[in-house]
Amino acid sequence: KAMIMDITTTVQELINSYRRYYDIHEEEAASFPELAARCDLHMTQSNYVLSKKNVPWSADSHEYCYIFEADHLDLDTYRRFEDYVYRNGMELIDPKPGHMCSVLSVIVICKSASPDARRAMKHCHIHKNFRFSLDGWMDMRTGLLELESGHVVTNMSGHEAKKHLQQLAKAS
């Protein structure tokens, strides 16, 4: 089956699809060769009584989405990506009262992937509670788009990423 499109074009389309709601950090790529960009989303939900000065509760949610590109994804390469996202992402998370959740996403666009890399991404379950969830939690999502086959693989937390990657694959 012919390749859907080249990696660079697909990665740029993915980054552009995040531009509307996310802060895009393409300069982050200088620190890690296969990293194309980090996309950040910050949301605050709150409730107030009578006046916006009386806020009985608020909750902050964050997503840090790391988009990687590789010709062939093997298990060692995926583990390097996962480790980088965990270490870098945990430095960005500020678990304090009002922090509800932070999501770290590993998105990989590649020509092909080994079965063990696919399996590792599918079974990734990295979750951390901060002060027994009183200061929120962190969850890791994974998403893989193989351009040669059009296959999309995600872990259990990555259903939104799966829809997004499938739309990207169909659009090309």
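Up top is the structure these notes are about.
About the thresholds
Residues numbered from 1 in each chain as written. Predicted model: local features only at pLDDT ≥ 70, side-chain atom pairs only at ≥ 80, totals over all residues. Heavy atoms only, no water. Buried < 20%, exposed > 50% of the residue type's maximum accessible area, 1.4 Å probe, protein only. Helix = DSSP H or I, 4+ residues; strand = E, 2+ residues; numbered from the N terminus. Arc of directions from axis to C-beta. Phe/Tyr/Trp six-rings, centres within 6.5 Å; stacked < 30°, edge-to-face > 60°. Axes fitted to C-alpha atoms, helices over the stretch in contact; angles between N-to-C directions. Parallel < 35°, antiparallel > 145°, perpendicular 65-115°, else oblique. Contact = heavy atoms within 4.5 Å. Nonpolar A, V, L, I, M, F, W, Y, C, P; charged D, E, K, R; others polar. Pairing = 2+ DSSP bridges.

A. The arrangement of helix 3 (residues 115–122) in detail. When helix 3 is considered as a whole, its buried residues turn out to be Ala117, Ala120 and Met121. Projection of helix 3 onto a plane perpendicular to its axis shows the buried side chains occupying an angular sector of 100°, all on one side.

B. Local environment of the packing of aromatic side chains. Tallied over the full model, the rule gives 6 aromatic pairs. Here the aromatic rings of Phe32 and Phe81 are separated by 6.0 Å at their centres, their planes lie at 70°, and the arrangement is edge-to-face. Linking Phe32 in the loop between strand 1 (23–25) and strand 2 (35–47) with Phe81 in helix 2 (residues 75–92), this pair joins segments that are 49 residues apart in sequence. Here Phe32 matches Phe81 in class, with each residue buried. Ring pairing ties together the aromatic residues Phe32, Tyr66, Phe68, Phe81 and Tyr84, which thus form one cluster.

C. Region of interest: the packing of helix 2 against helix 3. Axis separation between helix 2 and helix 3 bottoms out at 8 Å; the angle between their running directions is 30°. In terms of their interaxial angle, helix 2 and helix 3 are classed as roughly parallel. Together, Leu75, Tyr78 and Arg79 of helix 2 and Asp116, Ala117, Ala120 and Met121 of helix 3 make up the contact between the two elements. Taken together, the residues of the contact of helix 2 with helix 3 sort by class into 5 nonpolar, no polar and 2 charged.

D. Molecular detail of the pairing of strand 6 (residues 137–146). Strand 6 sits mainly inside the fold: 9 of its 10 residues count as buried. Bridge analysis of strand 4 (residues 99–113) against strand 6 gives 10 bridges, and the strand direction is parallel. Considered in strand 6, the bridge of Val108 is made with Leu144. Sheet analysis places strand 5 (residues 127–129) next to strand 6, joined by 3 bridges and oriented antiparallel. Residue pairing for strand 6: Asn129 is matched across the bridge by Trp137. What sits between strand 6 and strand 7 (residues 152–154) in their antiparallel hairpin is a turn of 5 residues, with Gly150 showing a positive phi close to 80°.

Coordinates in, geometry out; function isn't part of it.
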